[in-house]
Amino acid sequence: MDSHLPNPQRTKRLNMVSGLRNILMRIVAVFAASGLSVIGAGSLFGIDALTAAFIAGTVGVATVVESLARSFLDDGKLSTTEINNAFTKVDKKEGF
């Protein structure tokens, strides 16, 4: 597939795909962690568990995507620090 590319270009492309996959998997983890954390709380307000989990997961993902988009708008690049900071914003357990 990429055998026609010189080594540095191929390595750069593979790193980009690996980074994108990492971001997507972390977004799935944010959705799961945010959603699972509110399943019981939704029933207190008359919201079924599935709806509460979906809303919380969506809000968590939206927070991360917004932060990534704002960082990308600054310079057209996403550094490892910017990516990690975006996910830290939804990590409720950090700092305990």
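Refer to the structure printed above.
## Things to note about the packing of helix H3 (residues 49–75) against helix H4 (residues 80–88)
Turning to step 1, where the next piece is worked out: Across the interface, H3 lies against H4 with an axial gap of 8 Å and an inter-helix angle of 150 degrees. Considered as vectors, H3 and H4 are oriented roughly antiparallel to each other. Pair H3 / H4 crosses with right-handed handedness. On H4, the residues that touch Val-64, Ser-67, Leu-68 and Ser-71 of H3 are Glu-82, Ile-83, Ala-86 and Phe-87.
Turning to step 2, where the next piece is worked out: Class assignment for the residues of the contact of H3 with H4 results in five nonpolar, two polar and one charged.

## So, the packing of aromatic side chains
Aromatic ring pairs are described here by two measures, namely the spacing of the ring centres and the angle between the planes.
Turning to step 1, where the next piece is worked out: Inspection of every chain in the model, using the stated rule, returns one aromatic pair.
Turning to step 2, where the next piece is worked out: Their ring planes at 70 degrees and their centres at 6.2 Å tell us that Phe-31 and Phe-54 sit as a pair that is edge-to-face. Taken together, the residues Phe-31 in helix H1 (residues 7–36) and Phe-54 in helix H3 connect sequence positions 23 residues apart.
Turning to step 3, where the next piece is worked out: Given a relative accessible area of 52%, Phe-54 falls into the exposed group.

## Looking at H4
Turning to step 1, where the next piece is worked out: Among all positions of H4, only Glu-82, Ile-83, Ala-86 and Phe-87 are buried. Down the axis of H4, the buried set is contained in an arc of 135 degrees. They therefore lie on one face. Away from its buried face, by an angle of more than 90 degrees, H4 presents the exposed residues Thr-80 and Thr-81.
Turning to step 2, where the next piece is worked out: Tucked inside the fold, the buried residues of H4 contact H1 and H3.

## Focus on the nonpolar core
Turning to step 1, where the next piece is worked out: Among the nonpolar cores identified, the biggest contains ten residues, and these are Ile-23, Ile-27, Val-30, Val-61, Val-64, Leu-68, Ile-83, Ala-86, Phe-87 and Val-90.
Turning to step 2, where the next piece is worked out: If sequence neighbours within four positions are ignored, Leu-68 has contacts with Ile-23, Leu-78, Ile-83 and Ala-86.

## Digging into H1
Turning to step 1, where the next piece is worked out: With 30 residues, H1 ought to run about 44 Å at 1.5 Å a step, and its terminal C-alpha atoms sit 43 Å apart, in line with that.
Turning to step 2, where the next piece is worked out: Among all positions of H1, only Ile-23, Ile-27, Val-30, Ser-34 and Gly-35 are buried.
Turning to step 3, where the next piece is worked out: Looking at the buried positions of H1, the neighbouring elements they touch are helix H2 (39–44), H3 and H4.

Conventions and cut-offs
Residues numbered from 1 in each chain as written. Predicted model: local features only at pLDDT ≥ 70, side-chain atom pairs only at ≥ 80, totals over all residues. Heavy atoms only, no water. Axes fitted to C-alpha atoms, helices over the stretch in contact; angles between N-to-C directions. Helix = DSSP H or I, 4+ residues; strand = E, 2+ residues; numbered from the N terminus. Parallel < 35°, antiparallel > 145°, perpendicular 65-115°, else oblique. Left-handed = near helix turned anticlockwise from the far one by under 90°. Contact = heavy atoms within 4.5 Å. Nonpolar A, V, L, I, M, F, W, Y, C, P; charged D, E, K, R; others polar. Phe/Tyr/Trp six-rings, centres within 6.5 Å; stacked < 30°, edge-to-face > 60°. Buried < 20%, exposed > 50% of the residue type's maximum accessible area, 1.4 Å probe, protein only. Arc of directions from axis to C-beta. Core = buried A, V, L, I, M, F, W, Y, C linked by side-chain atoms within 4.5 Å. Expected span 1.5 Å × (residues − 1).

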